Amino acid sequence: MPQSKSPTTEAVPIETRNGYGTTIAAVIHLPAGLDTGATHPAVVVSPSGGGVKEQTAGLYASKLAANGLVAVAYDASFQGESTGTPRQLENPHLRTEDISAVIDFVISLPYVDTHRIGAMGICVGAGYSINAAINDPRIKAVGTVSMVNIGHNFRNGWDGSVADADAAHMLAQGATARIRDASGEGSERYPLAPRRKQDAQNREQEDEWEYYHTPRGQHPNAPGIMTARSLTQIITYDAFHKAEVYLTQPLLLISGSEDGARWMTDEAHDRAASRDKALYVVDGANHMDLYDRQPYVDDVVSQLAPFFADRLLRSGA
């Protein structure tokens, strides 16, 4: 049987069927020595909010591949090297659909087992992975890292202390941005990460600024902003909608002990219908530490890799 002789990556375009005609830019990470004449499990790795495949999603995809799993990292529609306008649109419904679009492609690969597809994500990509699993039963196992439910985050704040009703002004801000767009005044931008260190209100926001705007993790395709019009789609969104009924897949939900947004991971665990669900807490790590810092990343991978190998092996039996 043909085999890959060393770890390899392949950049691929994925034509979506989401009705918006976008093409997703993705990178397939293949394990060393993969028998391409047989079929194997695969994991779709979703990026953080405004992030791209060259950042933490690609890091985790490469780590999973090093542990024997086919892994695919990608850029969201309207972002990175993927197509679509307006640029930097962060529409959570389409972000969720992107995951299913990548699965549409992955199951066409001759060396991937259609019945052994997993999904994982980082930050809002983790929330979108949960939502995709609720909608798409082709996903047989889900792993999350530093999960954020983007609707909760924007409505209720980082620590969950803001009431839903108090986010109404953000809906108004999004509506105003749409008026500006429609009148040709130009697309208004909204920061996803602090633009300057002095804008950060806590340690995690400082780390967020550092990741997206310094050599630690910055990438020219990840400006750390979104269109302000996205607020009208984000504020009312719940990545966990109907999790009590349809989120039945095995789950491994990972967060840092110092993650201010950990309450969203706990909520997903509590709401999920799954009978095979686990929380793993990385001692001493905050939200951003799990993006790229060691030894935290290897700790996370030491949990994710065997989880996917075991649960996806079972699903293909």
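(A) Structural view of helix H9 (residues 262-271). Of the residues making up H9, those classed as buried are Met 264, Thr 265, Glu 267, Ala 268, His 269 and Arg 271. Of the surrounding secondary structure, the elements contacted by the buried residues of H9 are helix H4 (150-156), helix H8 (243-246), strand S9 (251-256) and strand S10 (277-282).

(B) Looking closely at the pattern of salt bridges. Counted according to the given criterion, the structure contains 23 salt bridges. One salt bridge connects Lys 53 with Glu 54, and the closest N-O pair in it is separated by 3.2 Å. The network of salt bridges with common partners includes Arg 203, Asp 207, Glu 210, Arg 216, Asp 289, Asp 292 and Arg 293.

(C) Local environment of the sheet that holds S9. Taken together, eight strands build an open sheet; the order of strands is S1-S2-S4-S3-S5-S6-S9-S10 and the sheet is mixed. Among the strands making up the open sheet, the edge pair consists of strand S1 (8-15) and S10. For this sheet, the mean angle separating the axes of adjacent strands, direction not counted, is 20°. Inspection of the sheet shows strand S6 (residues 139-145) paired to S9 by four bridges, in the parallel sense. Looking at the pairing, Gly 143 lines up with Leu 252 of S9.

(D) Representation of the layout of surface pockets within the structure. The space that makes up the largest pocket amounts to roughly 810 Å³. Taken together, 34 residues form the lining of the largest pocket, with Asn 153, Pro 191, Leu 192, Gln 205 and Glu 208 sitting closest to its centre. In terms of residue count, H4 provides more of the lining of the largest pocket than any other element does, five residues in total. Residues belonging to the lining of the largest pocket are distributed by class as follows: 17 nonpolar, 10 polar and seven charged.

(E) Representation of the environment of Ile 107 in the model. One can find Ile 107 in the loop between helix H2 (92-106) and strand S5 (112-122). With near-sequence residues (within four places) excluded, Ile 107 lies in contact with Thr 114, Ile 117 and Arg 138.

(F) View of the environment of Thr 23. The topology assignment puts Thr 23 in strand S2 (residues 23-30). Thr 23 gets classed as buried once you look at its relative accessible area, which sits at 17%. Separated by 75 residues in the primary sequence, Thr 23 and Asp 98 place their C-alpha atoms 9.8 Å from one another. Apart from the residues lying within four places of it in its own chain, the contact partners of Thr 23 are Pro 13, Ile 14, Glu 15, Ser 82 and Thr 83. A distance of 2.9 Å separates a polar atom in the side chain of Thr 23 from a polar atom in the side chain of Glu 15.

What counts as what
Every chain is numbered on its own, with residues counted from 1 as its sequence reads. Under the rules for a predicted model, residues below a pLDDT of 70 receive no local features and side-chain atom pairs below 80 are neither given nor counted, while totals for whole chains, interfaces and linings still include all residues. Hydrogens and waters are ignored; side-chain quantities use all the structure's heavy atoms. Each residue's exposure class comes from its accessible area (1.4 Å probe, protein chains only) as a fraction of the maximum for that residue type: buried when under 20%, exposed when over 50%, partly exposed otherwise. By the criteria applied, helices consist of DSSP H or I runs no shorter than four residues and strands consist of E runs no shorter than two, each listed in order from the N terminus. We call two residues in contact when some of their heavy atoms are within 4.5 Å. A pair is scored as a salt bridge if a Lys or Arg side-chain nitrogen falls within 4 Å of a carboxyl oxygen belonging to Asp or Glu. Between any two strands, at least two bridges found by DSSP are needed for them to pair. Axis geometry follows a simple rule: fit a line to the C-alpha atoms, using only the stretch in contact for helices, then measure angles between N-to-C directions, giving values from 0 to 180 degrees. Only protein atoms enter the calculation, which uses a 1 Å grid: trapped sets of points that fit a 1.4 Å probe without letting it out are cavities, open sets showing protein on both sides within 12 Å along at least five of seven lines are pockets, and any residue with an atom within 4 Å of a point is a lining residue. Grid points are joined across faces, edges and corners, and a volume is the space filled by probe spheres set on the points. Under this grouping Gly is polar, as are all residues other than the nonpolar Ala, Val, Leu, Ile, Met, Phe, Trp, Tyr, Cys and Pro and the charged Asp, Glu, Lys and Arg. Two N or O atoms count as a polar contact when they lie within 3.5 Å, although within protein this holds only if one can serve as hydrogen donor and the other as acceptor, and sequence-adjacent residues are included solely when both atoms are side-chain atoms.

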